[in-house]
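Below, each chain spelled out in residue letters.
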Amino acid sequence: MKKSCFYVSTAAFALVAGLGVSAASAQEAAETAQVEEIIVTAQRREQRLQDVPIAVTAITSKQMEEQGITSTHDLAQAVTGMTITESGGYVQPFIRGVGSTVTNLGEQGSAATYIDGVYMPTVNGQLYELANVQSVEVLKGPQGTLFGRNANTGAIIITTRQPQFNPEGRFQLGYGNYNAVSAQGFITGPISDQFAVSLAGNYDSHDPWFTNSFRGGKIGESERWTLRGAALFNASENLSITISGDLMRTDDASPILVQPISGYQGYLPGGLLPSGPYDFIGNGDVGYLAEQEGLSARIKWDLGAVSLTSTTAHRWFYTESINYDSDTTPALLSQIGNTERGTNFTQELQLNSNGDGPLTWVLGGFYLRQEAKYDPLMVQSATATTLITAQQVTEALAAFADATYTLGDFELTGGLRYSYEKKNYDGQINGNPVVNNAHKSWDSVTPRVVLAYHPSRDFMAYASFSQGFKSGTFNANGLSTVAVDPETVDAYEIGVKTRLGALATLNVSAFRYDIKDLQVQALNPATNLILVANAAEVETKGFDVEFALRPSQGLDVRLSASYLDAEFSKFPNAQIFIPVLGGDGRNQSVIRDVTGNKNVRSPEFTFNAAVSYRHELGNGASIVPSANAYYSTSFFWDVGNRLEEKEHLVINANLTYNFPGDRISVTAWARNLTDEVRFRNVSAAVQADRRAADEPRVYGVRLGYQF
């Protein structure tokens, strides 16, 4: 049925696109409706989305609210060609078949995340609430030149609401099933003619939707809160300084509440098995805590012909996995307690050209120092407890330049980034030194070349080549002194961006990526500790289509679709787990050649449809129904292509009543309306195949006030 739904939706996509072209030629409609112009910073300067020769999905705060996107965990429901999964609390985005499954000390992932220009390098616990967010941009493909290290799969750029000199405020209170409570607030205003401040916060909590069938009762309650403050000082007409601080805390065991899929080590017929996806049969009191704090300063100085921007940030992070029952059985075969903490300091300088001349350019420099440590990593079995402590220091330096020259209807862009990385680490087992000052450095040059044909504001065609670079590392989890080399991506892309009159835009891109020295994670079958190595090459190719239509005042339609073919072009020595014949559900580790297999977490087709309609009532009030549907074909979780996520369709819906004046609103909302079963992570180990379920159907009401 879902396949039929997908084909029908695709046909509807083509039909609506054709109607959009026809509607775009209707002058009467154009006078009453116009598709929204979106401004992005994908090339380190503000530009119209339609002027950027990069595949970018941009989502405004209004669109996120209408589509039920409440955190970065939900982004994949609005961005086709993307999956966001988790493994033991590590957030792992895959974009166009490129991503990282590594859960290592200080792991920084394959997608570079920025919040208000600050690089967020720690993926453990990296789920951000989007309560006070102005926009989110997802840049598809490697961004090695402008955004640098660990942007192999793309970049996620989050922009929050900044201090304003016009007083403004927005507040929401909500309640839902599972006793869910939510509160959000944002307020900003001036202190003087030169000084403005803002304060934003959000809180949400809910009761568990997991049942502990072994110990009894419920498990997995959640509590999250974020507090962010900022102060803007306009020292002069040409100089502004913004100081920001934030606190984030998540207490939610859901990412590590894993269950066996079919049997487990020690299972006997008639024994305890999960009765559904939200049934936990582990023996531990499981918990997961993530905290982040940060301070940043952004200085913008307009020097006339050029502008200088300095972004300085210092961040602290702490995550703790409590009694992670990794064997997924009622017995204590393997249990992990991981405390990871550290600091990140980043400094970036950008010098941008001003004006509308034929040459625009940006020069920049970047520095990062990260200190991360296990404090400790505890691995417990029925007979022994092992404490691993490790400290890893990363230093990264980079210089980059990017320029675009316009000659008639053509634009030629060239960019280059030089990156240098150095890592040092030490490790101990039960207090005894095992690794002493292991260190290695790497450097890389990542170019970008784009040729665009841009004869008008309404049409652009482009072709590009770019490279990405993911830092090398040490496998601190396994206390290995053998360094893992960097992972690189060569990316080729062609695309067309069109504006179909005033009512619609249609953007199409096709791509091919070649990934070399893929950093692959495996498990030591004896200790259950992580192994990391360069083991594979991947080829990924496909296309994206995005269509936006506003056929009448108040009606907005967004459709997008992606096709992806991602496979291992070379992977001769892959570790896979296969069931033991005649066994109880346990697996054995074997080495196989998986060349030609599909890459993990890379569905062949993804489709998104979002629609909202504001209907004005006679009394000055309005109602706004909105809905978002996201469809994904099946994909594999393991390189052996044995563990498969089924195709799924997720539907979110809102119905908002705005009182006259638009200051007060009431919204009824639902996420995962059809209660579709999906999983945050599925993996295999010696003890069992295992999985952690994603969010069930949730719904509620929300009261809003703004001025």
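Asks: How should I be thinking about the overall build of the protein chain in this particular structure?
Replies: When helices and strands are tallied, the protein chain shows three helices and 45 strands. The C-alpha radius of gyration of the protein chain comes to 25 Å, within 12% of the 27 Å expected for a compact globule of 707 residues. When the backbone C-alpha atoms are referred to their principal axes, the protein chain occupies close to 75 × 55 × 50 Å. Looking at the 707 residues of the protein chain, the share that counts as buried comes to 57%. Sequence-distant contacts in the protein chain: of pairs separated by 6 or more residues, those separated by 24 or more amount to 66%. Within the structure as shown, the protein chain displays about 27,600 Å² of accessible surface, and the carbon and sulfur contribution to it stands at 58%.

Asks: What's the story with the packing of aromatic side chains in this structure? I'm lost.
Replies: To describe a pair of aromatic rings, you give the distance between the ring centres and the angle between the ring planes. For the coordinates displayed, the defined rule picks out 18 aromatic pairs. Measuring from centroid to centroid gives 4.9 Å for Y657 and F659, while their planes differ by 90°, and the two rings are edge-to-face. Its relative accessible area of 34% is what places F659 among the partly exposed residues. Taken together, the ring pairs in this structure connect Y114, Y119, F147 and F366 into an aromatic cluster. Here the basic side chain of R161 rests over the ring of F186, its NZ or CZ set 5.8 Å away from the ring centre.

Asks: Would you take a moment to explain the sheet that holds strand β3 (residues 56-60) for this structure?
Replies: What holds strands together in a sheet is hydrogen bonding between their backbones, with the strands either parallel or antiparallel. Here we have five strands laid out as an open sheet, ordered β3-β9-β10-β7-β8, and mixed in their pairing. Each end of this open sheet is capped by a strand with a single partner; those strands are β3 and β8 (118-119).

Asks: Any chance you could explain the pairing of β3 here in plain terms?
Replies: Taken across its five residues, β3 has five buried, putting it largely inside the fold. Judged by which residues are buried, β3 turns out to be covered on both faces: V56, A58 and T60 on one side and T57 and I59 on the other are all buried. In this sheet, strand β9 (residues 133-140) lies alongside β3 in antiparallel orientation, the contact comprising five bridges. If you follow I59 over to β9, its bridge partner there is V136.

Asks: Can you walk me through the sheet that holds strand β43 (residues 679-684) in this structure?
Replies: What the three strands build is an open sheet, ordered β18-β44-β43; its pairing is antiparallel. Each edge of the sheet is formed by a strand with only one pairing partner; in this case those strands are β18 (259-260) and β43. As defined by bridge partners, β43 adjoins strand β44 (residues 689-693) across five bridges and the pair is classed as antiparallel. Its bridge partner lying in β44, N681 is registered against A692.

Asks: Would you mind showing me how to read a negative patch on the surface here?
Replies: On the surface, D207, E221, E223, D251 and D285 cluster together to form a negatively charged patch. Within the secondary structure, E223 sits in strand β16 (residues 222-234). Since its relative accessible area comes to 30%, E223 is described here as partly exposed.

Asks: Is there a simple way to explain the nonpolar core in this structure?
Replies: One broad rule of soluble globular proteins: the nonpolar side chains tend to lie buried together. Counting residues in each nonpolar core, the largest one holds 48 residues, and the members touching the most others are F210, L257, V286, Y374, L377 and Y425. When contributions to this core are tallied by element, the ones reaching two or more residues are β20 (287-302), β21 (306-324), β23 (359-380), β24 (385-407), β26 (432-456), β32 (530-552), β43 and β44. Per-element accounting of this core gives the leading share, four residues, to β23. Ignoring anything within four residues of it in the chain, the contact list for L257 reads F210, I219, G220, F280, V286, R691 and A692. Of all hydrophobic cores here, the second largest spans 24 residues; its members include A78, M82, I95 and M120.

Asks: Explanation requested: the pattern of salt bridges in the structure shown.
Replies: A side chain with one charge can pair with a side chain of the opposite charge if their charged atoms come near. Taken as a whole, this structure holds 35 salt bridges when the rule is applied. Across the pair R149 and E421 runs a salt bridge whose closest N-O atoms are separated by 2.7 Å. One end of the pair, R149, is in the loop between β9 and β10 (154-160); the other, E421, is in strand β25 (residues 410-429), and 272 residues separate them in sequence. For R149, a relative accessible area of 4% corresponds to the buried category.

Asks: Can you help me understand the confidence of the model for the protein chain in this one?
Replies: Detailed reading of predicted coordinates is not advised where the pLDDT is low. For the protein chain, per-residue confidence averages 91 on the pLDDT scale, and 95% of positions sit at 70 or higher. Model confidence for the protein chain, summarised as mean pLDDT per element, is weakest for helix α1 (residues 2-24) at 42 and strongest for strand β42 (residues 664-671) at 98. Contacts for the low-pLDDT stretch residues 1-31, under 50 throughout, to residues beyond four places or in other chains number 33 contacts.

Asks: Please explain the side chain of T153 as it appears in this structure.
Replies: As for its placement among the helices and strands, T153 is situated in the loop between β9 and β10. With residues near it in sequence (within four places) discarded, T153 still touches P93, F94, I95, V98, G99, S110, A111, L139, K140 and G141.

Conventions and cut-offs
- Residues numbered from 1 in each chain as written.
- Predicted model: local features only at pLDDT ≥ 70, side-chain atom pairs only at ≥ 80, totals over all residues.
- Heavy atoms only, no water.
- Helix = DSSP H or I, 4+ residues; strand = E, 2+ residues; numbered from the N terminus.
- Rg over C-alpha atoms; globule rule 2.2 N^0.38 Å.
- Buried < 20%, exposed > 50% of the residue type's maximum accessible area, 1.4 Å probe, protein only.
- Contact = heavy atoms within 4.5 Å.
- Areas by Shrake-Rupley, 256 points an atom, 1.4 Å probe, with all protein chains shown as cover.
- Phe/Tyr/Trp six-rings, centres within 6.5 Å; stacked < 30°, edge-to-face > 60°.
- Lys NZ or Arg CZ within 6 Å of the ring centre and 35° of its normal.
- Pairing = 2+ DSSP bridges.
- Patch = residues over 30% accessible without salt bridge, like charges linked within 9 Å, V, L, I, M, F, W, Y side chains within 5 Å.
- Salt bridge = Lys/Arg side-chain N within 4 Å of Asp/Glu carboxyl O.
- Lys, Arg positive; Asp, Glu negative; His and termini not counted.
- Charge placed at Lys NZ, Arg CZ, Asp CG, Glu CD.
- Core = buried A, V, L, I, M, F, W, Y, C linked by side-chain atoms within 4.5 Å.
- pLDDT = per-residue confidence, 0-100.

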